[in-house]
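# What the coordinates show
If you want the building blocks of each chain, they are given just below.
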Amino acid sequence: MSPLDLSVEELAKVLDLANDIEKNPEKYAHKCDGKILATLFYEPSTRTRLSFESAMMRLGGKVLGFSSANSSSAAKGESVADTVRTVSCYADICAMRHPKEGAPLVASMASEIPVINAGDGGHQHPTQTLTDLLTIRSLKGRLDNITIGLCGDLKFGRTVHSLIEALVRYEGVKFVLISPEELRIPDYIREDVLKASGHEFIEVERLEEAMPSLDLLYMTRVQRERFFNEEDYVRMKDFYILDKAKMALAREDMLVLHPLPRVNEISVEVDADPRAAYFKQVQYGVYVRMALILSLLGLGVDLC
Ligand code: CP
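Residues numbered from 1 in each chain as written. Predicted model: local features only at pLDDT ≥ 70, side-chain atom pairs only at ≥ 80, totals over all residues. Heavy atoms only, no water.

Bringing the nonpolar core into the picture now. The tendency in soluble globular proteins is for nonpolar side chains to be buried side by side. Ranked by internal contacts, the top residues of the largest apolar core, which has 59 residues, are Ile-148, Leu-150, Ile-164, Leu-167 and Phe-175. The dominant element in this core, judged by the number of residues it contributes, is helix 11 (residues 278-296), at nine residues. Filtering out sequence-adjacent residues up to four positions away, Ile-148 remains in contact with Leu-163, Leu-167, Val-173, Lys-174, Phe-175, Val-176, Leu-214, Leu-216 and Tyr-218. By size, the runner-up hydrophobic cluster in this structure holds 21 residues, among which are Ala-210, Met-211, Met-219 and Met-254. (Core = buried A, V, L, I, M, F, W, Y, C linked by side-chain atoms within 4.5 Å. Buried < 20%, exposed > 50% of the residue type's maximum accessible area, 1.4 Å probe, protein only. Helix = DSSP H or I, 4+ residues; strand = E, 2+ residues; numbered from the N terminus. Contact = heavy atoms within 4.5 Å.)

This next bit is on the sheet that holds strand 4 (residues 115-120). Taken in spatial order, the four strands line up as 2-1-3-4 in an open sheet, and their pairing is parallel. With partners counted over all chains shown, the strands left at the sheet margins are strand 2 (62-66) and strand 4, one partner each. Pairwise comparison of adjacent strand axes, ignoring direction, gives a mean angle of 15° for this sheet. Pairing of strand 1 (residues 36-41) with strand 3 (residues 93-98), which is carried by five bridges, proceeds in the parallel orientation. When the bridges of strand 3 are listed, Thr-39 appears paired with Ala-95. Sitting on the sheet, helix 2 (residues 47-58) touches strand 1, strand 2, strand 3 and strand 4, and the angle it makes with strand 1 is about 175°. (Pairing = 2+ DSSP bridges. Axes fitted to C-alpha atoms, helices over the stretch in contact; angles between N-to-C directions.)

Lining the immediate environment of the ligand, one finds Ser-45, Thr-46, Arg-47, Thr-48, Arg-97, His-125, Gln-128, Pro-259 and Leu-260. Thr-48 has a polar side-chain atom sitting 2.7 Å from an oxygen atom of the ligand. A distance of 3.0 Å separates a nitrogen atom of the ligand from a polar side-chain atom of Gln-128. Here the ligand has 250 Å² of accessible area as a free molecule, and 91% of this is covered by the chains. Across the shell around the ligand, the residue classes tally to two nonpolar, five polar and two charged. (Near = heavy atom within 4 Å. Polar contact = N/O pair within 3.5 Å; in protein donor to acceptor, adjacent residues only side chain to side chain. Areas by Shrake-Rupley, 256 points an atom, 1.4 Å probe, with all protein chains shown as cover. Nonpolar A, V, L, I, M, F, W, Y, C, P; charged D, E, K, R; others polar.)

What follows concerns the environment of Glu-171. You can see Glu-171 is positioned in the loop between helix 6 (158-167) and strand 6 (174-178). In this structure Glu-171 comes out as exposed when scored by relative accessible area, which is 63%. Linking Glu-171 and Leu-143, residues 28 residues apart in sequence, is a C-alpha distance of 8.4 Å. Excluding residues that lie within four positions of it along the chain, Glu-171 makes contacts with Asp-144, Asn-145 and His-199.

Turning our attention to the side chain of Ser-162. Turning to its location among the elements, Ser-162 is positioned in helix 6. For Ser-162, a relative accessible area of 4% translates into the label buried. At a separation of 2.8 Å, a polar atom in the side chain of Ser-162 contacts the main-chain amide nitrogen of His-125. The residues touching Ser-162, leaving out its near neighbours within four places in the chain, are Gln-124, His-125, Pro-126 and Thr-129.

Let's shift gears to the packing of helix 1 (residues 8-23) against helix 5 (residues 126-140). As a packed pair, helix 1 and helix 5 sit with axes 10 Å apart at the nearest point and diverge in direction by 70°. Judged by the angle between their axes, helix 1 and helix 5 are roughly perpendicular. Every residue of helix 5 that contacts helix 1 at Leu-11, Ala-12, Leu-15, Asp-16, Ala-18 and Asn-19 is listed here: Leu-130, Leu-133, Leu-134, Arg-137 and Ser-138. Among the residues forming the contact of helix 1 with helix 5, the class breakdown is seven nonpolar, two polar and two charged. (Parallel < 35°, antiparallel > 145°, perpendicular 65-115°, else oblique.)

This part covers a nonpolar patch on the surface. Together, Leu-105, Val-106 and Met-109 line one region of the surface with nonpolar side chains, adding up to about 330 Å² of accessible area. Given a relative accessible area of 42%, Val-106 falls into the partly exposed group. (Patch = residues over 30% accessible without salt bridge, like charges linked within 9 Å, V, L, I, M, F, W, Y side chains within 5 Å. Salt bridge = Lys/Arg side-chain N within 4 Å of Asp/Glu carboxyl O.)

The next thing to look at is the packing of aromatic side chains. Applying the stated criterion across every chain, the model contains four aromatic pairs. Aromatic pair Tyr-42 and Phe-66: ring centres 5.2 Å apart, planes at 90°, arrangement edge-to-face. Of this pair, Tyr-42 sits in the loop between strand 1 and helix 2 while Phe-66 sits in strand 2, and the two are 24 residues apart along the sequence. Looking at Tyr-42, the relative accessible area reads 11%, which means it is buried. Here Tyr-284 and Tyr-287 contribute two aromatic rings whose centre-to-centre distance is 6.3 Å and whose plane-to-plane angle is 70°, an arrangement assigned as edge-to-face. Here Tyr-287 and Tyr-284 lie together in helix 11, a separation of three residues that amounts to about one turn. This pair shows no difference in class: Tyr-284 is buried, exactly as Tyr-287 is. Against the face of Phe-52 rests Arg-289, its NZ or CZ located 5.1 Å from the ring centre. (Phe/Tyr/Trp six-rings, centres within 6.5 Å; stacked < 30°, edge-to-face > 60°. Lys NZ or Arg CZ within 6 Å of the ring centre and 35° of its normal.)

Geometric descriptors of this kind do not, in isolation, establish any biological role.
Here you go:
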């Protein structure tokens, strides 16, 4: 499942449901009584796995799963397809993170139950995108007519790829792509998504140059696990550090988002700035995953 599988109207309904869950959590506390979520994580995670588990528990359901490939029979050579066929006997819905691009899609074709992509390699991170969209819409009041700066590792940062693909579906969104030359956005996103959509976008290297024009700044960490050699990672890792001095260049109502985890790219001194919205973003991740679980189980928004 990807936000791109949903129409803009369906997406709006999922976000509305998430906002209702935020306001009236007690209404939803038993919606998933008797249901089980499996979290199949072949790669490390804090937020995605635990927010899925928290979401299911807040809906009255139960959870099972594994948090690394080594603690599952993948370590003995079992295929993703066989694993998910097995898990289909134990659970009603599953969320999968995998280092290989497309693995959750392969899993969904072998599965009897809904499979949610919880991040596949450097490709996509659809539920982070739902989280980002909910955060932007809730805090800015709109998803259209925004200027968003995406900063850092735009090459390997799967959250950036998913977010761009989602935002080109809204009118008047302008993109400022801020990265070093070596970490620029992949060609397929530049050509097939940005250029093909007709949306305005520019690519720059200096964050300071971009700051004054932004409604939103989406920071990302340099993805160490996707680099082929450590030397390149060390050279790139501190290319951008958002600090108080750079925040002083931004508008008073600009918001800073980050999918987290952060390493050094946002100084902790920024956390106290009212424009720092990344921990609110974490909270929205639970509401939107609750809305998604309900909808995929036929208990929320009707998704065709
Ligand atoms: N944002 C995100 O995917 O965080 P985790 O890697 O901790 O799940």
